[in-house]
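The lines below spell out each chain.
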Amino acid sequence: MQDPRILTGGVTLWIMVTAVIYHFFLSTFYKPSGLALLANILLHYVTPLMMLIYWIFFEKKVRYRSFYPLVWALYPLFYALVSIVRGMMTGFYPYWFLNPGAPYPSGIGSVWNLLLFIIVIASLFVVAGYLLIFLKKLSSRKLKIGE
């Protein structure tokens, strides 16, 4: 059985997905203030950064296989699929970019736009998964050299 710490790579990628999606697709629509602003900064910026730092520098050495980023991308894809199906049944979409039936800014405009968006974002995050693995290998080598 594989080391369960392999999941920390997936969790790191997922929290980075949260940060990037929030920053580029949601932050212009949500302008909190007071404690909500503090919570928002902690959730969408500080937590992902701290997770990335932990994963790169403090996680014990784990062997990552080349297919892991593909597996890690399944969770956000599954979340999007469930959200879209739920939205089609209830009319509620948690994010505007998952709503194929409404024009921007309430939706993404069409099923084809939604499909293209999901393909592009999923591809970017698979690439990001490979980049994370590369960074992890690079940081492991530097630590060995410095020891």
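What counts and what doesn't
- Residues numbered from 1 in each chain as written.
- Predicted model: local features only at pLDDT ≥ 70, side-chain atom pairs only at ≥ 80, totals over all residues.
- Heavy atoms only, no water.
- Phe/Tyr/Trp six-rings, centres within 6.5 Å; stacked < 30°, edge-to-face > 60°.
- Helix = DSSP H or I, 4+ residues; strand = E, 2+ residues; numbered from the N terminus.
- Lys NZ or Arg CZ within 6 Å of the ring centre and 35° of its normal.
- Salt bridge = Lys/Arg side-chain N within 4 Å of Asp/Glu carboxyl O.
- Buried < 20%, exposed > 50% of the residue type's maximum accessible area, 1.4 Å probe, protein only.
- Expected span 1.5 Å × (residues − 1).
- Arc of directions from axis to C-beta.
- Axes fitted to C-alpha atoms, helices over the stretch in contact; angles between N-to-C directions.
- Left-handed = near helix turned anticlockwise from the far one by under 90°.
- Contact = heavy atoms within 4.5 Å.
- Nonpolar A, V, L, I, M, F, W, Y, C, P; charged D, E, K, R; others polar.

Aromatic ring pairs are reported here in terms of the distance separating the ring centres and the angle at which the planes meet. Taken as a whole, this structure holds 16 aromatic pairs when the rule is applied. Consider the rings of F25 and W96, whose centres lie 6.4 Å apart with planes at 55°: the pair is tilted. With F25 in helix α1 (residues 7-26) and W96 in the loop between α4 (74-90) and α5 (111-146), the pair connects residues that are 71 residues apart, well separated along the chain. Measuring from centroid to centroid gives 5.7 Å for F25 and F97, while their planes differ by 55°, and the two rings are tilted. Residue F25 is located in helix α1, and its partner F97 is located in the loop between α4 and α5; the two are separated by 72 residues in the primary sequence. Of the aromatic side chains, those joined through ring pairs into one cluster are F25, F29, Y95, W96, F97, Y104 and F117. The residue whose ring lies beneath K136 is W55, and the NZ or CZ to ring-centre distance is 5.9 Å.

The next subject is the pattern of salt bridges. Counted according to the given criterion, the structure contains 1 salt bridge. Across the pair E59 and K136 runs a salt bridge whose closest N-O atoms are separated by 3.7 Å. Taken together, the positions of E59 in the loop between α2 (35-57) and α3 (68-72) and K136 in helix α5 put the pair 77 residues apart, joining distant regions of the chain. Considered together, E59 and K136 belong to a single accessibility category, that of buried residues.

In a regular helix each residue adds 1.5 Å, so 17 residues correspond to 24 Å; α4 covers 24 Å between its end C-alpha atoms and thus fits that length. Listed in full, the buried residues belonging to α4 are A80, S83, I84 and G87. Taken end-on, α4 shows its buried residues confined to a sector of 100°, consistent with a single buried face. Opposite its buried face, α4 presents the exposed residues L74, F78, M89 and T90, each directed more than 90 degrees away. G91 lies just past α4 and shows a positive phi near 85°.

A few words now on the packing of α1 against α2. Each pair of packed helices gets described by two things: the angle between the helix axes and the distance between those axes. At a minimum axis distance of 9 Å, the contact between α1 and α2 shows a crossing angle of 145°. The two elements α1 and α2 meet at a crossing, and its hand is left-handed. Here α1 contributes T8, G9, V11, T12, I15, M16, T18, A19, Y22 and H23 to the contact with α2, which in turn contributes N40, H44, Y45, T47, P48, M51, L52 and W55. For the contact of α1 with α2, the residue count by class is 10 nonpolar, 8 polar and no charged.

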